[in-house]
Structure formats: C-alpha cells, structure tokens
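Read off the chains here:
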Amino acid sequence: MTGADTDTAALHLARFAALGGEAGGARARAMRRFEALGLPSQRIEAWHYTGLNALSKAALAPFDGTKTASSADDSMLGARLGAGPRLVFADGRLRAELSDLSGLPAGVRLLGLADARAREPSLVENRLDAEDEARAMRALNAAFAADGAVLVLPAGVRLDRPVQFIHFAAASGAAFHLRHLVVAGEGSAATVVETYFGAPRSASWTNAVTELELGRGATLRHVKWQDEAALAFHTASTHARLAGGARFESFVLHSGARLARNEIDATLADPGASCRLLGVTLAREKQHIDNTTVIDHAAPGCTSKEHYRGVLDGEARGVFQGRIVVRPQAQKTAAHQLIEHLLLSERAEASAKPELEIHADDVKCGHGATAGALDEQALFYLRARGIGLERARAMLVEGFVAALVDEVEDEGVRARLSSVVADWLAQAADERLAV
Amino acid sequence: MLEIRNLHAEVGGKEILHGIDLSVAVGEVHAVMGPNGSGKSTLAYVLAGREGYVVTKGEIVYDGKDLVAMAPEERAREGVFLGFQYPVEIPGVSGLSFLKAAVNEVRRHRGQAELDAVEFLKFMRQKLKLLDMSEDLLKRAVNVGFSGGEKKRAEIVQMAILEPRLAVLDETDSGLDIDALKVVSNGINALRGPDRAMLVITHYQRLLGHVVPDRVHVLAQGKIAVSGGKDLALELEQKGYAMLGAKDVRAA
C-alpha cells in the first residue's frame, strides 16, 4: 500500500487536521508550508543525492503519545546514560525522572521545551518560529514539535561538564519531531552533546531541529552522535547563528540509521566569528548517510573550516554537500573544506558536492574531496610486522577516523566517541569473518 | 636458515628475478649489492611476501619451511623482518600502539603471553637503551612527518623490538647523512647475533664499512653475477658495477 492516503506526508496532514489546532497560529502556518512543499523529492537540487521514497512508503505517523517505552527499553536507555547534566527524551517526550539538572551554575537554565512554553514562554519566544520557506522538514518540525531541550547560559558562564540531550526512539512506525534550543550568552562557553538512538527493532523517524544562538565571544562545542536503530530514519537540521568573535565547533558522528541526513547551517553574522565543522560517518550494508552544510559568511574577517571523513562498507552510500557563501561585505574571509571518503567495498559509493559562492574579492577559500580504498602500501607495512589483514584494516580505518575524533575538546566525550568507533570496527570485522 | 633456489619472480607480468640461488646460515650477515634495476628491492619484497610479487619458479626455504606459501603476516610472526627502503607513513596510528600490536602478534604465535601496556613500555625501553635511541619517534603517528633519517632509525627500533631471526634490510642506508648512517649501522651491529641472520641490501659500499658482511653478492639483471668475501664490496666501489662479468671471484 503506497497510496497517497497512507504515505508519511499524508499521515502527518491527517493527524494535524484531527488535532484541530488554531487556524491562524504558527503551527498551522508551518503545516501549510509543508503541505505546499511535500517531502523533498530528488528533483530538488539540495536533495539530489538523497531519496525519501522509503521514508514516504514507511507510512510513519506523528507519535500520538499512547504507547510508552517498555521496561526493557528503559533499561537499555538507562545503560547509555552517562553522568552529568542531561535531558532525556523517549519517543519525543521529556522523561524527567531520567534527566539530571543538578550541579549547574547559578543562572543556567536547562529544561524541556514543553515546560518552557507552559511556564516561561519568554525563554523561547521569538526564538523558535523563524520560518524557513524552502525547508519542508523544518516546517513539518515546526508544525508538530512538542518537546525538546532548552539550555540558556547567562553571559560569562563557562560550563566545565558537557550537557547532554538524549533521545531514545522506542515506538515503531512513528515519527518524532524534536526541537532544541541553546542560547549561549556573551562570553559563555559550553559543550552540548546530542545523542539519538533507539530500540533495535524500532522502524521510526526522528526529525530534529536544533537552534543555536551564540552571543558575542561565546564558545559552543556541539557534538552529535547519531546511532539510530538499523530500520530507523533520521533527519536533522541545526542552525547556528554567531555574533562577533563567537566560536562554534561542531562534531557529528553517524553510526546508525538506514537513512540519515544531518544539515548544519552556520551564519557568521558579525566580524571575527569562526566555526569548525568536523564529521565522521561510519556506514555499512545499505545505509545512506548525508551531511549537508551551509556556511554563510555574512560579515568580514570570519573563518570557517570543515573536515568530514566517511568510512563506507558494503553497499553504503555517503553524501556530503557543502555550500560556502561569502557575501559582498565579507572581506578577509577564510574558508576551507575537505571531504574524504574511505571505501572498504567496491559496492560502496561516495558523493561529494562542494559549492562555493563567493561575492567578495579579498578572501581565501579552498576545498578538496577524495574517495579511495585503503592504502595498499600501509596494509602491507602493517602485515610485514605480523599484524593480520583484518586487524591491519581496522587499524588503518581507526587511524583515518581518529585524526578527527582527537580534535574533540572534552576528554570524556572524546573517549566515548573513540570507543564507538572501535566497537563499529570490531563488528565490521566479525561480519567479514562470518561471510 | 635461508635457502633460495633458482628463484624466478615477476611483477606486473614481467620477470624481474631470473633464477637466484642464495644461502644464508644462521649468525651470518650477507650483503646484496647491485646497480639500480638489478632486482634488489624485488628480492626483498618477494621475501616479505608483498602482493603482486609473484614467484613463478624455484623455492625459498626458511627454517625448513616453504616461505612462499605464507602470508606476509605469517612470515613476520615466524621471524622474518623487512626493513623498508621507504617506510610508510600511517596517519592516526600511534607508533606505540602499532608496535605493541605487532609484538603481541609475534608473541602469541610463539606461544608466549601477551604484554600489557606497562610491560610493553618496559620492554621497549630496554631495547631503546641497547640502541642508544630515544622513544620520541614512537610516540608520534607511525612515520608521519619523519625525516628520511628518522624513518630509517625507526625501522631499526622496530627490528630490535620484534627480535626477528632473519632481517632483510632494503637500502636502509639510502638517503642518510654520515651521522645518521653511523646511528643506523651501530643499531644493525648491536642486533647481530648467533641466532640471527641478516640480508643487507645496498647500492653503495659505505654502509658495509660499518656493517662488515660475511659474504657479498652482486645482483645484476635479476641474477647473482658474483659472490665473494667482504673485500668484493670494496673492489666494486673502486671499479664500479661495470667490472661485473670481467672477473670471476666466486672462488675467492
């Protein structure tokens, strides 16, 4: 059954109509935008490499909140919770009893979006309803997002421990629309870790939007680990807006989902802002992982650096699209982008599309993209020292990825990411041996 | 320890080695010299088992075993070490974790207990002391950003740590200045021993001034043209490879 009345978009429209919300409200406007756009098709340039037919046919309706995570799900979720401040969500809703708000400096606000809307609307007002006409996924999120994380850092506050936003998808056949907001006041500094995972058999769709506002001189380190279940879909859009002298460091690790697309838009709005976007993709079997970034140099003297590495095994597909816009006033811009894919199988495929739109003349911009197999010389070198073929392959892949993981500032987070990589490689080796 | 009999080998479908006979006894150091393109590096790669270096005829017997049938890692675990002419840079892989993995592969193969991180460091430091070398090189990613001399020194450190029974050193002296040559040749000499055989492949005589071989073989056009004692190297240095075939010193 793939009729129009049973596909994912239609199920969302039907649900929205059934909810009977206020016709003139922001949600209704967002829903109308989505209705006009529909799920993006590959005819749209920005979605050329990533098709959503499977997502459409999966007939995923917005989660209605009736089903709750089982005790088995809860114990799986509990096992993954690290120490430190965190907001935990299951099936799109805050789980206060699993969250930890303790130990934060005075003035720091960390709470769920639903709570904030109900009790402190001033915290989130005017910060979540930016309307992006062309982005269907953001519109759909705006129409449905019921919860998410809100973190507000007052000026000058520096958090010494990362704050975690964790989402667990337990239900199957459902869609979760989360919306997070981080406001980093002038001169503040923090690390935020977003984690997405789910029950092994969950065939669900998580569609997240994260808004990041960086005040003057603020530093925000944003780490995202996408480890959704094997049948799950994941789409996400992060928008960072940087004031003068602010610093945004992003690290995205993909290790899960059948299809994932992570969009990052960084707007360098005032002079001296800088951002660094790093990403690692680990994909096997028929996984499809898409990283799409837009860096908007809107002011003079800003710098941006992007470095993404993908490891593709089996029939996996890795996509990177990176647009860099340098506006006429953005003189003295420095922008660099590097995309590297390692193909572990002849059937794996990588697509890289850099797009530089430069309207200023005094700039330094560069980009590069490579895709290739493991270095045969390096493999032989390791084997000539007694290291077996599988182990040698794993060491080379680990080395390829470690160069980026090592850039993650927080030691605990870095160690966690390294162990994810090691586990992924161990599993890959087991599968190869089992064949 | 090593018996090479009528060895023919090809690379990319082209025969490079046209019947080599060579025998190295345990405790001996043999030098293999020869002009560029004579097949010296091919011989080294064939001994180490590099993919694409195909033995088409003849045999290589190492410790009574058929070396050709073994994968490169099996040869290494059995005690064959290749010192690379161009050691490979491996970004992101730390020298220490690489060497620890290698040592433990060899130890497991020999039925010895694996070394943990602390035991490995202790073992490594003993070996470095023996060579009078510092561990700085090993803390970085494998060979990444090393100068030519550092790469060759690192190969000698690896040899010391892996304790091979047969070391094949492929132009370990190439690209070294006088000081680096001294460090490297002192290292090689420190690792000579009654339980170890070495095949030192070199284009020039100068390494052999420091590492005095028991036998010298000269390779030309994929065959051993002459063999002799240590003085053969000196004679070659004076007369050049053009002397090959002009004089039979095999009886020397």
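Please refer to the structure placed before this passage.
Residues numbered from 1 in each chain as written. Chains lettered and ligands numbered in written order. Predicted model: local features only at pLDDT ≥ 70, side-chain atom pairs only at ≥ 80, totals over all residues. Heavy atoms only, no water.

K.L.:
What is the right way to look at the interface of chain A and chain B in this model?
P.N.:
The accessible area lost on association of the parts is a frequent measure of interface size. Across the boundary between the two partners, chain A contributes 20 residues, which contact 31 residues of chain B. Summed over both partners, the interface of chain A with chain B comes to about 2,000 Å²; 64% of that surface belongs to carbon and sulfur atoms. The largest per-residue losses of area from chain A upon contact with chain B belong to F380, Y381 and R385 of chain A, which jointly make up 40% of the total buried on that side. Taken together, chain A and chain B are joined by 4 salt bridges. Linking chain A to chain B there are 9 residue pairs in polar contact (both at pLDDT 80 or more). Counting residues per element, the ones that place at least two in the side of chain A that touches chain B are α8 (376-383) and α9 (389-405) of chain A. (Contact = heavy atoms within 4.5 Å. Buried area = accessible area lost by both parts, 1.4 Å probe. Salt bridge = Lys/Arg side-chain N within 4 Å of Asp/Glu carboxyl O. Polar contact = N/O pair within 3.5 Å; in protein donor to acceptor, adjacent residues only side chain to side chain. Helix = DSSP H or I, 4+ residues; strand = E, 2+ residues; numbered from the N terminus.)

K.L.:
Looking at this structure, how should I read the nonpolar core?
P.N.:
A general feature of soluble globular proteins is that nonpolar side chains tend to end up buried together. Counting residues in each nonpolar core, the largest one holds 114 residues, and the members touching the most others are F251 of chain A together with L2, I4, L47, I90, F98 and I161 of chain B. With 9 residues, α9 of chain A is the largest single contributor of residues to this core. Dropping the residues within four chain positions of it, I161 of chain B is found in contact with L99, V103, F120, F123, M124, K127 and L138 of chain B. Ranked by size, the runner-up nonpolar core spans 40 residues in total, among them L212, A240, C275 and C302 of chain A. (Core = buried A, V, L, I, M, F, W, Y, C linked by side-chain atoms within 4.5 Å. Buried < 20%, exposed > 50% of the residue type's maximum accessible area, 1.4 Å probe, protein only.)

K.L.:
Would you explain the pattern of salt bridges in this entry?
P.N.:
A side chain with one charge may pair with a side chain of the opposite charge, provided their charged atoms come close. Scanning the model with the defined rule gives 38 salt bridges over all chains in all. Its salt-bridge partner being R165 of chain B, residue D63 of chain B comes within 2.3 Å of it at the nearest N-O pair. Here D63 of chain B is found in the loop between β4 (53-62) and β5 (65-66), whereas its partner R165 of chain B is found in the loop between α6 (148-162) and β9 (166-170), with 102 residues between them in sequence. Between E114 of chain B and R108 of chain B there is a salt bridge, with the nearest N and O atoms lying 2.4 Å from each other. Looking at E114 of chain B, the relative accessible area reads 40%, which means it is partly exposed. It is possible to trace a salt-bridge network through shared partners that takes in R221, R247, E249, R276, E407 and E409 of chain A.

K.L.:
So what exactly am I meant to see when it comes to the side chain of D290 of chain A here?
P.N.:
All names here are of chain A. Along the chain, the position of D290 falls in strand β15 (residues 288-297). Given a relative accessible area of 0%, D290 falls into the buried group. In terms of polar contacts, D290 uses its side chain to reach the side chain of T50, at 2.7 Å. When near neighbours in sequence (up to four residues on either side) are disregarded, D290 contacts T50, H254, A260, R261, N262, V319 and Q321.

K.L.:
Would you explain the layout of surface pockets in this entry?
P.N.:
A water-sized probe, rolled over the atoms, reveals where empty space remains. Residue and element names in this part refer to chain A. By volume, the largest pocket is sized at about 570 Å³. Considering the residues around the largest pocket, the lining is formed by 24 residues, among which E228, A229, A230, S255 and G256 are closest to the centre. Contributions of two or more residues to the lining of the largest pocket are made by α4 (71-80), β8 (189-198), β10 (219-227) and α10 (411-434). It is α10 that contributes the most residues to the lining of the largest pocket, 5 residues altogether. Residue composition of the lining of the largest pocket, grouped by class: 10 nonpolar, 5 polar and 9 charged. Split by domain, the lining of the largest pocket shows at least three residues from each of two domains, domain 1 (68-375) and domain 2 (376-435). The calculated volume of the second largest pocket comes to roughly 460 Å³. Lining the second largest pocket are 25 residues; nearest its centre among them are A46, W47, R135, R261 and T292. (1 Å grid on protein atoms, 1.4 Å probe; cavity = no way out; pocket = protein on both sides within 12 Å on 5 of 7 lines; lining within 4 Å. Points joined across faces, edges and corners; volume = space filled by probe spheres on them. Nonpolar A, V, L, I, M, F, W, Y, C, P; charged D, E, K, R; others polar. Domains from an automatic or database assignment.)

K.L.:
What is the right way to look at the sheet that holds strand β1 (residues 2-11) of chain B in this model?
P.N.:
Strand pairing within a sheet occurs via backbone hydrogen bonds; the two strands may be parallel or antiparallel. Residue and element names in this part refer to chain B. Spatial strand order, β2-β1-β4-β5: 4 strands in an open sheet with antiparallel pairing. Two strands close off the open sheet at either side, each with one partner strand: β2 (14-24) and β5. With 8 bridges connecting them, β1 and β2 associate as antiparallel partners. In the strand pairing of β2, E10 is matched with E15. (Pairing = 2+ DSSP bridges.)

That is the geometry; function is a separate question.
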